[in-house]
Amino acid sequence: MTHLDNHGDDQTRRPGDAPAVVALEISDAVESLADLWSVAGHDAALRLSLPQSKALRTLSASPALNLTALAEWLDIGLPTASRLCDRLEAAGLVERASHPSNRREVQLLLTSAGQGVLRDIAGRRTQALTAVLGGMAPDERAALSMGLKAFLKARGGAASPRPGVM
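Here the structure is a predicted model, which is why all the values come from computation and not from measurement. (Residues numbered from 1 in each chain as written. Predicted model: local features only at pLDDT ≥ 70, side-chain atom pairs only at ≥ 80, totals over all residues. Heavy atoms only, no water.)

Colleague: Hey, could you run me through the sheet that holds strand 2 (residues 94-98) in this one?
Modeller: What links the strands of a sheet is backbone hydrogen bonding, and the strands pair in either a parallel or an antiparallel sense. Across the sheet, which stays open at both edges, the three strands sit in the order 1-3-2 with antiparallel pairing between neighbours. Either end of the sheet is taken by a strand with one partner, and the two such strands are strand 1 (65-66) and strand 2. Contacting strand 1, strand 2 and strand 3 (106-110), helix 2 (residues 50-61) runs over the sheet at an angle of about 100° to strand 3. (Pairing = 2+ DSSP bridges. Helix = DSSP H or I, 4+ residues; strand = E, 2+ residues; numbered from the N terminus. Contact = heavy atoms within 4.5 Å. Axes fitted to C-alpha atoms, helices over the stretch in contact; angles between N-to-C directions.)

Colleague: Would you mind going over the side chain of Ser53 with me for this structure?
Modeller: You can see Ser53 is positioned in helix 2. By relative accessible area, which is 4% here, Ser53 ends up buried. Within polar-contact distance, the side chain of Ser53 engages the side chain of Arg57 at 2.7 Å. (Buried < 20%, exposed > 50% of the residue type's maximum accessible area, 1.4 Å probe, protein only. Polar contact = N/O pair within 3.5 Å; in protein donor to acceptor, adjacent residues only side chain to side chain.)

Colleague: Explanation requested: the nonpolar core in the structure shown.
Modeller: Side chains of a nonpolar character, in soluble globular proteins, are inclined to be buried together. Counting 18 residues, the largest nonpolar core has Leu48, Leu56, Leu59, Leu70, Leu88 and Val94 as its most contacted members. Of all elements in the fold, only helix 2, helix 3 (67-74), helix 4 (78-90), strand 3 and helix 5 (112-134) reach the threshold of two or more residues within this core. Filtering out sequence-adjacent residues up to four positions away, Leu48 remains in contact with His42, Ser53, Leu56, Leu88, Leu93, Val117 and Ile121. (Core = buried A, V, L, I, M, F, W, Y, C linked by side-chain atoms within 4.5 Å.)

Colleague: In this structure, what is going on with the packing of helix 2 against helix 5? I would like to understand it.
Modeller: Helix-helix packing: each pair is described by the crossing angle between the helix axes and the interaxial distance. The contact between helix 2 and helix 5 brings their axes to 10 Å, and the two run at 110°. As summarised for this structure, helix 2 and helix 5 are arranged roughly perpendicular, according to the angle between their axes. Of the residues in helix 5, those touching helix 2 at Ser53, Leu56, Arg57 and Ser60 are Val117, Leu118, Ile121 and Arg125. For the contact of helix 2 with helix 5, the residue count by class is four nonpolar, two polar and two charged. (Parallel < 35°, antiparallel > 145°, perpendicular 65-115°, else oblique. Nonpolar A, V, L, I, M, F, W, Y, C, P; charged D, E, K, R; others polar.)

Colleague: Is there a simple way to explain the packing of helix 2 against helix 4 in this structure?
Modeller: The N-to-C vectors of helix 2 and helix 4 enclose an angle of 80°; their axes lie 10 Å apart at closest approach. As summarised for this structure, helix 2 and helix 4 are arranged roughly perpendicular, according to the angle between their axes. Contacts from Pro51, Gln52, Ala55 and Leu56 in helix 2 reach Leu84, Arg87 and Leu88 in helix 4. Residues of the contact of helix 2 with helix 4, tallied by class, amount to five nonpolar, one polar and one charged.

Geometric descriptors of this kind do not, in isolation, establish any biological role.
Structure below.
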């Protein structure tokens, strides 16, 4: 049972609480954030599945990947990645192009429409997150920011080791 919402919780949390206790508490907040993230993405002008959205973000972070590399980044099979790219290409969000130095290799590139969809989704997510943060007291926002920075530092950096993985 998590205790972030303080409903029915008469225990006072202390900074020295065990990591396992804090991890359970944070899991509810992460689930809520993931829901907010997903809903904001689905409200975009073009609705994308989570794998499609991840593929676009991956191609944005690592332009000109080939299909095999994209499948590896997304941790999906090659046939699944191919079908995913077929749908993104049919929607005008991704295009396939010959590699400039190896004509047998095909690169995957975001189109301007694909970049626009990513901007739309990012903007909607920022608005949704801003609304939630606006409901917090300034000292709570500062504590959250400080805690997230400490989390990233303890994890070993600000970014996932693989682009597009969220």
